[in-house]
Amino acid sequence: MKVIFRPFFLGLFVFWVFFPFISIIIWSFAAGWRFPDVLPAQYSMRGYAIAFDPNGDIVRGAITSTIIALIVGVIATAIGSAAGRAIAMYNFKMKKAFQFLVLAPLIVPGLAVTMGIQILFIKYGLSDTVRGVVLAHLIPTIPYVVMIMTGTFANFDRGYEEQGQVLGASRVTVLRKITLPIVLPGLAVSFLFAFVISWSEYILTLLVGGAAVKTLPMVLFAFLRGSDLTLVGAASIVFMIPPLILLRFTSKHLVGRSSSVTGLGSV
Amino acid sequence: MSTGIKIENIEKSFGTNPVLKGINLEVPSGKLVSILGSSGCGKTTLLRIVAGLERATSGHVYFDDELQDLITVEKRAIAMVFQKALLFPSMTIGENVAFSLRASKNPPKDIDKRVEEMLELVRLPGFASRRPGELSGGQEQRVSLARALMRNPKVLLLDEPLSALDANLRVEMRNFIREIHDSFEMTTLFVTHDQEEAMAISDKIAFMESGVLEQYDGPQSFVSTPESRKVAKFFGCRNVFSGAIVGDTFETAFGSLTLGKDHSRGSLIAARQEDLQVTLEKTKYSFEATVVSWQFVGSRISIQCEVANSSNREKTEVIVESDRFADFEVNEKVYISYSPDRLHVISRDS
């Protein structure tokens, strides 16, 4: 029984995960796909021609999104690592309150917060700017980085840094040569999370960026309303590429030997 | 040329909890001194203050005559080995050993050669390209030592470097540390909780308890002339009696003991169990006792006796350790004989 069931459930699982992708991939090549046809009658590259048009909205949206997500990834990883280290390795007054505040954006809807600070953003000229969008994207990304890095630093032995110091290394050398290599898996995963969250963020971008900052999700939504499913399919494929590339480089830290990334289970 | 260490009136509190209560200690240049004490006595804190990893609440640390208090850790002429080997996981063994050289401002050109020489010294030749995870505990600790020595420190600080190793390896490694110390002749402070370890390799031992330096002496003195009851107990003396000196005798609750020449003054007397003997006949220096029980302790026997007090109705327990099995029964009346020169009057009752 077992021998039959295992491949069956595995197959079901793979189908479950990949079916939506299959339909998107087929749509992206379809030149018309009508019910009740199992497969489209005709194929074309029209979707991709538009999607990869260097002056088209999709390529420009992807560039804007990439820039924003990279900046958000770097800033969120830097700030979140510092906070994660503080929570994991030091005791200080109001630590519990600090921890709660840092993680609060995970529970409080970002939308509510952004509605509130939108007025401030307008006041300080951050509305409709890339800077403003980056700031807004830090709200949902930093808590994840804090969670991951708290776990990473909880497993980090402070002794390594002291060992470096007593061998004559300056603080900068200790950070660069000793600490960073050890916590690198955590940093990589943090960056991946921050990048992906920023990359797929829609509502915050809409509220803060308005029509001026056109990230890829904004463009996608516009296409969705247009109901040209071939184009939507091609754009969705483009949308999936950068996170997948990033995943390719960080996946080794998500599973397997690296035990330092355990923060996801600790909060 | 190595450096002497002077620790002057060091006090340290964590919050309101005093950990070190005025420590004064001078470590002569080129000597190996152990800081010995049970856990929580403040010995590691003291070492960390010497290293600069911890700041003293008050007091000073000098290397020769140079005040160290304001010198940061990385600028002090030290190297330190911790309980854990703490080999940097992202580096090979060779890179670990070379760490201090590469971190210095002018890295020498012959790093690889010097690393190999150092690895040979710690008897790990050809290990340079291996990774930390491939080594055993003892090997890791030797790499850690090599890494510390590579810095060519004036002062070597060892914080319980052997306590994570198993018993046989500990003996081997402590002798190895002594050998290394002798060939480099660098001033070494060695923190340990293991009395045997300290006795085996130290020129002098600084014995600490509850943040106080109880005694600072050569290893033998802790056995023959303990300065306090705590020291006597820690170094395994089972018989410490209170009383008073009257002329050439020490009056205890169970009778008077004859003292040797040049005895010190005080209200406690230590009689080591291996210096006493159980006999069936009265001898010149002996007192009457009853055998309560006995048991084998290794190849020796430990005999628990009771002596009736002359001043009250209670009894005093006396332990005798002998390498011979005497011909006596439990509850039998025997004599415990001693030699006056082996009795030691404790000058302090802390």
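Residues numbered from 1 in each chain as written. Chains lettered and ligands numbered in written order. Predicted model: local features only at pLDDT ≥ 70, side-chain atom pairs only at ≥ 80, totals over all residues.

This part is about the overall build of chain A. When helices and strands are counted, chain A shows 11 helices and 0 strands. Put simply, chain A runs from its N terminus to its C terminus through helices and strands in the order α-α-α-α-α-α-α-α-α-α-α. Oriented by its inertia axes, the alpha-carbon framework of chain A measures out at about 70 × 65 × 35 Å. Across the 267 residues of chain A, 35% fall into the buried class. Look at the contacts in chain A between residues 6 or more apart in sequence, and 78% of them connect residues 24 or more apart. (Helix = DSSP H or I, 4+ residues; strand = E, 2+ residues; numbered from the N terminus. Buried ≥ 20, exposed ≤ 12 C-beta atoms within 10 Å, placed from the backbone. Contact = placed C-beta atoms within 7 Å.)

A word on the overall build of chain B. The number of helices and strands found in chain B is 9 helices and 20 strands. On the principal axes, the C-alpha backbone points of chain B span a range of 75 × 40 × 35 Å. Within chain B, the proportion of its 350 residues that are buried is 42%. Sequence-distant contacts, at least 24 apart, represent 67% of the contacts inside chain B between residues at least 6 apart.

Time to look at the domain arrangement of chain B. Residue and element names in this part refer to chain B. Per the domain assignment, the segments of chain B are domain 1 (5-229) and domain 2 (238-346). Here the C-alpha centre of domain 2 lies 40 Å away from the C-alpha centre of domain 1. Each partner contributes to the interface: domain 1 provides 6 residues, whereas domain 2 provides 5 residues. Its residues placed into classes, the side of domain 1 that touches domain 2 shows 1 nonpolar, 3 polar and 2 charged. (Domains from an automatic or database assignment. Nonpolar A, V, L, I, M, F, W, Y, C, P; charged D, E, K, R; others polar.)

A separate point is the sheet that holds strand β7 (residues 155-159) of chain B. Residue and element names in this part refer to chain B. Reading across from one edge, β6-β7-β8-β3-β9-β10 is the order of the 6 strands in this open sheet, with mixed pairing throughout. Edge positions in the sheet fall to β6 (78-81) and β10 (212-217), since each has one partner strand and no second. Each neighbouring strand pair of the sheet contributes to a mean axis angle of 15°, computed without reference to strand direction. Seen against the sheet, helix α5 (residues 137-149) touches β6 and β7 and runs at an angle of roughly 175° to β6. (Pairing = 2+ DSSP bridges. Axes fitted to C-alpha atoms, helices over the stretch in contact; angles between N-to-C directions.)

Residues and elements named next belong to chain B. Strand order in the open sheet formed by 4 strands is β2-β1-β4-β5, and the pairing between neighbours is antiparallel. Each of the sheet's edge strands pairs with one partner strand only, and the pair in question is β2 (17-27) and β5 (66-67). Pairing of strand β4 (residues 58-63) with β5, which is carried by 2 bridges, proceeds in the antiparallel orientation. Bridge pairing in β5 links Tyr62 to Leu67. In the packing of helix α1 (residues 43-51) onto the sheet, the strands contacted are β1 (5-14), β2 and β4, and the crossing angle to β1 comes to about 120°.

In this section: the interface of chain A and chain B. How large an interface is tends to be reported as the accessible area lost when its parts come together. Every contact between the two is made by 14 residues of chain A and, on the other side, 19 residues of chain B. Elements that contribute at least two residues to the side of chain A that touches chain B include exactly α7 (159-165) and α8 (171-199) of chain A. A per-element tally of the side of chain A that touches chain B places α7 of chain A first, with 5 residues. Class assignment of the residues belonging to the side of chain A that touches chain B gives a composition of 7 nonpolar, 6 polar and 1 charged.

By size, the foremost hydrophobic cluster in this structure holds 100 residues, and its most contacted members are Val50, Leu157, Leu189 and Ile336 of chain B. Within the second largest apolar cluster, 35 residues are counted, among which are Leu126, Val183, Phe191 and Trp199 of chain A. (Core = buried A, V, L, I, M, F, W, Y, C linked by C-beta atoms within 7 Å.)

Residues and elements named next belong to chain B. In this fold, Cys41 is placed in the loop between β3 (32-36) and α1. Of the residues examined, Cys41 has 22 C-beta atoms within 10 Å and is grouped as buried. Leave out the neighbours within four places in its chain, and Cys41 touches Met208, Glu209, Ser210 and Gly211.

The relative placement of two packed helices comes down to the angle between their axes together with the axis-to-axis distance. All names here are of chain A. For the pair helix α6 (residues 130-154) and α8, the least separation of the axes is 9 Å and the interaxial angle reads 160°. Relative to α8, α6 is oriented roughly antiparallel. The two elements α6 and α8 cross, and the hand of that crossing is right-handed. Here His137, Pro140, Thr141, Tyr144, Val145, Ile148, Met149, Thr152 and Phe153 of α6 come into contact with α8, specifically with Val183, Gly186, Val189, Ser190, Phe193, Ala194, Ile197 and Ser198. Considering only residue class, the contact of α6 with α8 consists of 11 nonpolar, 6 polar and no charged. (Parallel < 35°, antiparallel > 145°, perpendicular 65-115°, else oblique. Left-handed = near helix turned anticlockwise from the far one by under 90°.)

Okay, the packing of helix α4 (residues 95-107) of chain A against α6 of chain A next. Residue and element names in this part refer to chain A. Two numbers describe how α4 lies on α6: the axes approach to 8 Å, and their chain directions differ by 120°. On the basis of their axis angle, the class for α4 and α6 is oblique. As α4 packs across α6, the resulting crossing turns out to be left-handed. Of the residues in α6, those touching α4 at Val102, Leu103, Pro105 and Leu106 are Ile139, Pro140, Pro143 and Val146.

We now examine the pairing of strand β12 (residues 249-252) of chain B. Residue and element names in this part refer to chain B. Burial along β12 is one-sided: Phe250 and Thr252 are buried, and none of Thr249 and Glu251, which face the opposite way, are. Bridge count between strand β11 (residues 239-246) and β12: 4 bridges; the pairing is antiparallel. The residue bridging Ile245 from the neighbouring strand is Phe250, located in β12. Connecting β11 to the next strand, β12, in antiparallel fashion are 2 residues, including Gly247 with a positive phi near 60°. Across 4 bridges, β12 lies against strand β13 (residues 255-258) in antiparallel orientation. Across the sheet, residue Thr252 finds its bridge partner in β13, namely Gly255. Where β12 hands over to β13, the hairpin turn is made up of 2 residues, counted between the paired strands.

In this section: unusual backbone geometry. Positive phi outside glycine occurs at Met94 of chain A, with the angle close to 60°. Following the sequence through the fold, Met94 of chain A ends up in the loop between α3 (57-89) and α4.

This part takes up the pairing of β4 of chain B. Residues and elements named next belong to chain B. Of the pairings in the sheet, the one linking β1 to β4 comprises 5 bridges and is antiparallel in character. Bridged to Ile5 within β4 is Phe63. Between β4 and β5, which pair antiparallel in sequence order, lie 2 residues; one of them, Asp64, sits at a positive phi of approximately 55°.

Before going further, it helps to spend a moment on the confidence of the model for chain A. Residue and element names in this part refer to chain A. Looking at chain A as a whole, its pLDDT mean stands at 87, while 94% of the residues score no less than 70. Overall, residues 256-260 carries pLDDT values under 50, and its contacts beyond four positions in sequence, including any with other chains, amount to 8 contacts. Counted against residues more than four places away or in other chains, residues 262-267, with its pLDDT under 50, gives 15 contacts. (pLDDT = per-residue confidence, 0-100.)

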